[in-house]
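# Observations on the three-dimensional arrangement
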Amino acid sequence: MIDPWYIAVCILVILVCLSLIRLFLGPTAADRAVAIDTVNTLSVAVLILLGVAYQQIIFIDVAIVYALLSFVSTLYIAKYLGGEL
Amino acid sequence: MIADVLILACLAVGIFFNALGIAGLLRFPDVYTRMHATTKMTTFGSMFTALSVIIYGVALFLSSGDGQYVTLSVHTLIAAISLAFTNAVGSHAIARGAHKAGIKPAPAIVDRLEEFTP
Amino acid sequence: MIPFLLTFILALLLYLLLAAGSGSVLLWSPSELVAGVALSLLAAAVARNLLCRSDSYRMANPLRLLLIPLYLLGPFLLEVTKANLDVAYRVITGNIRPGIIRVQSGLRTDLGIFMLANSITLTPGTITVDIDEKSHDLYVHNINIPQGWEERPQVEERELFSLANLPAWIRRIAE
């Protein structure tokens, strides 16, 4: 039997690829920022699941730091969009 | 045995909501409605995948008594909480920036923000 | 002095939570405890003016802090589940009626506004777009405006939530 964690990770990676379509198509910059935000969220979910699949707790610490750092980058992109930077 | 079923159910629900969020991102007409789909549904789906990991850690801790599974659960909980907060605040920031950049909500019944702040 | 102590205690609690299950003294090893105290002192010295900016310390009351997980697990979870099912229905059918409305909030404190804006963003088909700094009113993008709301200049905040009265909870926690 295949481990369910790997199947979940595969589906989530396919979803990340689908949201990259919006990143390429997006008519405005804000659409691309939304797509990047989605990719960040899904990356955190994938990192948590991979931490269980490989039995490495350090992956989950990486996920925490990734969530906080991507938050800072999202805030700066939003400030730049609003012309406040 | 119950834990296995719960883990599989949580994973399935989480992936279902994540997939619907991506479908909304690809399908909705303008940036604000897309943000509705991604912010709410990917946060909710990622909460459920994290919940399955927490259930896995607690079940293995109860059966084996190994301390590292407590660490796994607690770290996953902290990651999920930080994910929820950062997603909400980040999407608010993007919406504000998009409105300041002059992107109008394309199909809109009413736009009070446009009337009150010139 | 009080901001320093509060920041120190919060940083130490977070460190202990992250390092739980590492050793023999209760749940932590002695070296982790020493490192936690040292790093928390350093963090409190750097960040003491960032966390506690106002002069009133009512959020240091543990009873109010205990209300926050109760709020998140009770009415908030109900509303989030309903909101997600609603948005899932709209993704599948494509039946939307979007627009930005002005929502009146009676909250005065910064934490109250923060919690209300985040609750609105994660719950029923709404996203906070902007905040009026003077009157603390919120501009909310709603994915499905009910009939008749587009003529009204303002909407009360509790009309957004149908299952539970979230603004009353937030007022009890933060004010």
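Residues numbered from 1 in each chain as written. Chains lettered and ligands numbered in written order. Predicted model: local features only at pLDDT ≥ 70, side-chain atom pairs only at ≥ 80, totals over all residues. Heavy atoms only, no water.

## Remarks on the overall build of chain A
For chain A, the helix and strand inventory stands at 3 helices and 0 strands. Taken from the N to the C terminus, the helices and strands of chain A come in the order α-α-α. Here chain A holds 85 residues, and the buried ones make up 49% of them. Restricting to contacts in chain A with at least 6 residues of sequence separation, those with at least 24 account for 49%. (Helix = DSSP H or I, 4+ residues; strand = E, 2+ residues; numbered from the N terminus. Buried < 20%, exposed > 50% of the residue type's maximum accessible area, 1.4 Å probe, protein only. Contact = heavy atoms within 4.5 Å.)

## Examining a nonpolar patch on the surface
Taken together, the side chains of Ile14(A), Leu18(A), Ile21(A), Leu25(A) and Leu26(B) make up a nonpolar region of the molecular surface, amounting to roughly 420 Å² of accessible area. Looking at the nonpolar patch element by element, the count peaks at 4 residues for helix H1 (residues 4-25) of chain A. Following the sequence through the fold, Leu25(A) ends up in helix H1. Taking the relative accessible area as the measure of exposure, Leu25(A) reaches 60% and is therefore exposed. (Patch = residues over 30% accessible without salt bridge, like charges linked within 9 Å, V, L, I, M, F, W, Y side chains within 5 Å. Areas by Shrake-Rupley, 256 points an atom, 1.4 Å probe, with all protein chains shown as cover. Salt bridge = Lys/Arg side-chain N within 4 Å of Asp/Glu carboxyl O.)

## Quick notes on empty space enclosed by the protein
Applying the stated criterion across every chain, the model contains 2 cavities of 30 Å³ or more. Roughly 80 Å³ of volume is contained in the largest cavity. What lines the largest cavity is simply Asp37(A), Asn40(A), Thr41(A), Val44(A), Ala67(A), Ser70(A), Phe71(A), Thr74(A), Leu83(B), Thr86(B), Asn87(B) and Gly90(B). Of all the elements in the fold, those that place two or more residues in the lining of the largest cavity are helix H2 (29-53) and helix H3 (58-81) of chain A together with helix H3 (67-100) of chain B. Partitioning the lining of the largest cavity into residue classes produces 4 nonpolar, 7 polar and 1 charged. If you add up the space inside the second largest cavity, you get close to 60 Å³. (1 Å grid on protein atoms, 1.4 Å probe; cavity = no way out; pocket = protein on both sides within 12 Å on 5 of 7 lines; lining within 4 Å. Points joined across faces, edges and corners; volume = space filled by probe spheres on them. Nonpolar A, V, L, I, M, F, W, Y, C, P; charged D, E, K, R; others polar.)

## A short note on the pattern of salt bridges
Under the defined criterion, the tally for this structure stands at 1 salt bridge over all chains. Between Arg34(B) and Asp31(A) there is a salt bridge, and its shortest N-O distance comes to 2.4 Å. Within this pair, whereas Arg34(B) is found in helix H2 (residues 31-64), its partner Asp31(A) is found in helix H2, the two belonging to separate chains. For Asp31(A), a relative accessible area of 4% translates into the label buried.

## Digging into the nonpolar core
If you look at the biggest cluster of nonpolar residues, it comprises 35 residues, and the most contacted ones within it are Trp5(A), Leu12(A), Leu49(A), Val53(B) and Leu72(B). Elements represented by at least two residues in this core include exactly H1, H2 and H3 of chain A together with helix H1 (2-27), H2 and H3 of chain B. The element contributing the most residues to this core is H2(A), with 11 residues. Beyond its immediate stretch of four places on either side in the chain, Leu72(B) contacts Val52(A), Ile57(A), Ile60(A), Val53(B), Tyr56(B) and Gly57(B). (Core = buried A, V, L, I, M, F, W, Y, C linked by side-chain atoms within 4.5 Å.)

## Some details on the interface of chain B and chain C
Counting residues at the interface gives 40 residues for chain B, matched by 43 residues for chain C. Both faces considered, chain B and chain C share a buried interface measuring about 3600 Å² in area, 73% of it formed by carbon and sulfur atoms. In this structure, the connection of chain B to chain C is made through 0 salt bridges. For the pair chain B and chain C, the interface holds 2 residue pairs in polar contact (both at pLDDT 80 or more). Contributing elements (two or more residues each) for the side of chain B that touches chain C: H1, H2, H3 and helix H4 (112-116) of chain B. At 14 residues, the largest contribution of residues to the side of chain B that touches chain C is made by H3(B). Broken down by class, the residue content of the side of chain B that touches chain C amounts to 24 nonpolar, 11 polar and 5 charged. (Buried area = accessible area lost by both parts, 1.4 Å probe. Polar contact = N/O pair within 3.5 Å; in protein donor to acceptor, adjacent residues only side chain to side chain.)

## Quick word on the packing of aromatic side chains
Residue and element names in this part refer to chain A. What the rule picks out here adds up to 6 aromatic pairs over all chains. Aromatic pair Tyr6 and Tyr54: ring centres 6.1 Å apart, planes at 70°, arrangement edge-to-face. Of this pair, Tyr6 sits in helix H1 while Tyr54 sits in the loop between H2 and H3, placing them 48 residues apart in sequence. Judged by relative accessible area, which is 31%, Tyr6 ranks as partly exposed. (Phe/Tyr/Trp six-rings, centres within 6.5 Å; stacked < 30°, edge-to-face > 60°.)

## Focus: helix H1 (residues 2-18) of chain C
Residue and element names in this part refer to chain C. Over its 17 residues, H1 extends 24 Å from the first C-alpha to the last, a length consistent with the 24 Å expected when each residue adds 1.5 Å. Here H1 has its buried residues at Pro3, Thr7, Phe8, Leu12 and Leu16. Looking at the buried side of H1, the elements it contacts are helix H2 (30-51). (Expected span 1.5 Å × (residues − 1).)

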